[in-house]
Structures are given as structure tokens and as C-alpha cells.
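One letter stands for each residue in the lines below.
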Amino acid sequence: MSDCAQAAVRRVIHDTHGKALHRYVLSLTRGDMPFAEDVVQESLLRLWRRPEILQQPSDAVRAWLFTVARNQVIDDRRSARYARELQTAEFPEQASPDGINSACDKLILSDALKSLRREHRVAVIRAYYLGQTIADIAAHEHIPEGTVKSRLHYALQALRNRLQEIGEVA
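1. Some words on the pattern of salt bridges
A side chain with one charge can pair with a side chain of the opposite charge if their charged atoms come near.
1) Next: In this structure the tally under the stated criterion is six salt bridges.
2) Next: One salt bridge in this structure joins Arg50 and Glu52, with 2.6 Å as the shortest N-O distance.

So this is what it looks like as C-alpha cells:
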């Protein structure tokens, strides 16, 4: 069978059985969408690797797909990984911000801003701290808008480099 013919057969199988298989697996996994999608994809992949199954009637192909999918879910539930997972309907408490990290971030960023040339620092402060537009900054500084954009670009690049130097950004 040619590649085009195989692709057409695969498309027909997917269109014929894909949605029903996905619903079935979703019900087996109790709504775990990512896992259900993985199971459906793996089931179809196993089908493509077994061309003799594709030669059977559509009902037999469907039954084979559903059986393979069910077995994958069962295998996953029996696995050691699943047994170690914590099953709960409640989410753990979220850590509350203590303010220390925020204060440290502000100090680090302040020092990084001080390392910029004055015109770059002014552009960053006006744009990101004061919320001014490019046009507003250009009017206030009496420079073209393109110059403001250029200053912002080079300022952000310099900030990134500075923060990488001190190990704050990867």
C-alpha cells in the first residue's frame, strides 16, 4: 500500500473512531485530559504499527482500539508511579509572599538600573515604571520616537546582561 493510501486509511480510522475513543478513555481516566490524549495517541500509534488489524472490519478495529486503550489505563493505574501519587480533591495551601523576595528583587533591579547610561535609564523608568507611551517619552525628552524605541531596546539588553552577570537571570 502506498504512503498516500496509508495516510488516507489512517485519517479515516482517526475520523471514524477518534472522538468515541477519546470520550471512552476520558471516562476511564475520570476526566484526566492530558493522560486521555496520550492514551488515544498511543492507541492509534499502535494501530498504525499493526497493519493486519487495519485489514479487519471497522467494528473489529474499533474493538481492538478500545481494548488497547483500556489496557493502557489499567497498566498505568497498576504502575508504581500511580501508586506513589497523592490522590486528593483538595489543593495544598499556597505559600504566602513574605515580602523579602520582593524587596531583594527591587534592590537588585535598582542596582542594575543604576548601571545603565542616563538616557537608557530614563527611557526604562518612564516606560515601565511611569507607564508612559513611546510618544509621551519622545515628547517629554524632545527626541524622535525611533530613538526612544532604540534606547528601550538597548536598555533592556543591558539590563538582561547585567542581571546575567550577577547570576539573577539564566
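Having seen it, we continue.
2. Some points on unusual backbone geometry
1) Next: In the Ramachandran plot, Arg30 falls in the positive-phi region, its phi being about 55 degrees despite a non-glycine side chain.
2) Next: Of note, Arg30 is situated in the loop between helix H1 (3-28) and helix H2 (33-48).
3) Next: Judged by relative accessible area, which is 76%, Arg30 ranks as exposed.
4) Next: The backbone phi angle of His142 is positive, close to 60 degrees, even though this residue is not glycine.
5) Next: Along the polypeptide, His142 turns up in the loop between helix H8 (134-141) and helix H9 (145-165).

3. Observations regarding the packing of H2 against helix H4 (residues 58-78)
1) Next: The geometry of H2 relative to H4 is characterised by a closest axis approach of 9 Å and an angle of 130 degrees between their N-to-C directions. By the criterion of interaxial angle, the relationship of H2 to H4 is oblique. Read as a crossing pair, H2 and H4 show a hand that is right-handed. Here Phe35, Val39, Glu42, Ser43, Leu44, Arg46 and Leu47 of H2 come into contact with H4, specifically with Val61, Trp64, Leu65, Val68, Ala69, Gln72, Val73, Asp76 and Arg77.
2) Next: Partitioned by chemical class, the residues of the contact of H2 with H4 number 10 nonpolar, two polar and four charged.

4. Remarks on the side chain of Thr29
1) Next: Among the secondary structure elements, Thr29 is positioned in the loop between H1 and H2.
2) Next: Among the polar contacts made by the side chain of Thr29, one reaches the main-chain carbonyl oxygen of Leu26 at a distance of 3.3 Å.
3) Next: Each residue touching Thr29, except ones within four places of it in the same chain, is listed here: Phe35, Ala36, Val73 and Arg77.

5. Structural notes on H4
1) Next: Between its first and last C-alpha, H4 extends 30 Å over 21 residues, near the 30 Å set by a 1.5 Å rise per residue.
2) Next: All of the buried residues along H4 are Val61, Trp64, Leu65, Phe66, Val68, Ala69, Gln72, Val73 and Asp76.

6. Regarding the packing of aromatic side chains
Each aromatic ring pair is characterised by the separation of its centres together with the angle its planes make.
1) Next: Under the defined criterion, the tally for this structure stands at one aromatic pair.
2) Next: Ring geometry for Tyr24 and Phe66: centres 4.9 Å apart, planes at 35 degrees, overall tilted. In this pair, Tyr24 is assigned in helix H1 and Phe66 in helix H4, connecting sequence segments 42 residues apart.
3) Next: Exposure remark for Tyr24: the relative accessible area of 24% places this residue in the partly exposed category.

7. Section: H2
Side chains of residues three or four places apart in an α-helix project in the same direction, reflecting 3.6 residues per turn.
1) Next: Counted at 1.5 Å a residue, the expected span for H2 with its 16 residues is 22 Å, and the 23 Å between its end C-alpha atoms agrees.
2) Next: Looking at H2, one finds that the buried residues are Phe35, Ala36, Val39, Val40, Ser43, Leu44 and Leu47. Each buried residue of H2 sits inside an arc of 170 degrees when the element is viewed along its axis, so together they form one side. The outward face of H2, more than 90 degrees from its buried face, is lined by the exposed residues Pro34 and Gln41.

8. Here's the deal with a nonpolar patch on the surface
1) Next: Together, Ile125, Tyr128, Tyr129, Leu130 and Leu156 make up an exposed nonpolar region whose accessible area comes to about 500 Å².
2) Next: Element by element, the count of residues in the nonpolar patch is highest for helix H7 (residues 118-129), at three residues.

Quick notes on the rules
- Residues numbered from 1 in each chain as written.
- Predicted model: local features only at pLDDT ≥ 70, side-chain atom pairs only at ≥ 80, totals over all residues.
- Heavy atoms only, no water.
- Salt bridge = Lys/Arg side-chain N within 4 Å of Asp/Glu carboxyl O.
- Helix = DSSP H or I, 4+ residues; strand = E, 2+ residues; numbered from the N terminus.
- Buried < 20%, exposed > 50% of the residue type's maximum accessible area, 1.4 Å probe, protein only.
- Axes fitted to C-alpha atoms, helices over the stretch in contact; angles between N-to-C directions.
- Parallel < 35°, antiparallel > 145°, perpendicular 65-115°, else oblique.
- Left-handed = near helix turned anticlockwise from the far one by under 90°.
- Contact = heavy atoms within 4.5 Å.
- Nonpolar A, V, L, I, M, F, W, Y, C, P; charged D, E, K, R; others polar.
- Polar contact = N/O pair within 3.5 Å; in protein donor to acceptor, adjacent residues only side chain to side chain.
- Expected span 1.5 Å × (residues − 1).
- Phe/Tyr/Trp six-rings, centres within 6.5 Å; stacked < 30°, edge-to-face > 60°.
- Arc of directions from axis to C-beta.
- Patch = residues over 30% accessible without salt bridge, like charges linked within 9 Å, V, L, I, M, F, W, Y side chains within 5 Å.
- Areas by Shrake-Rupley, 256 points an atom, 1.4 Å probe, with all protein chains shown as cover.

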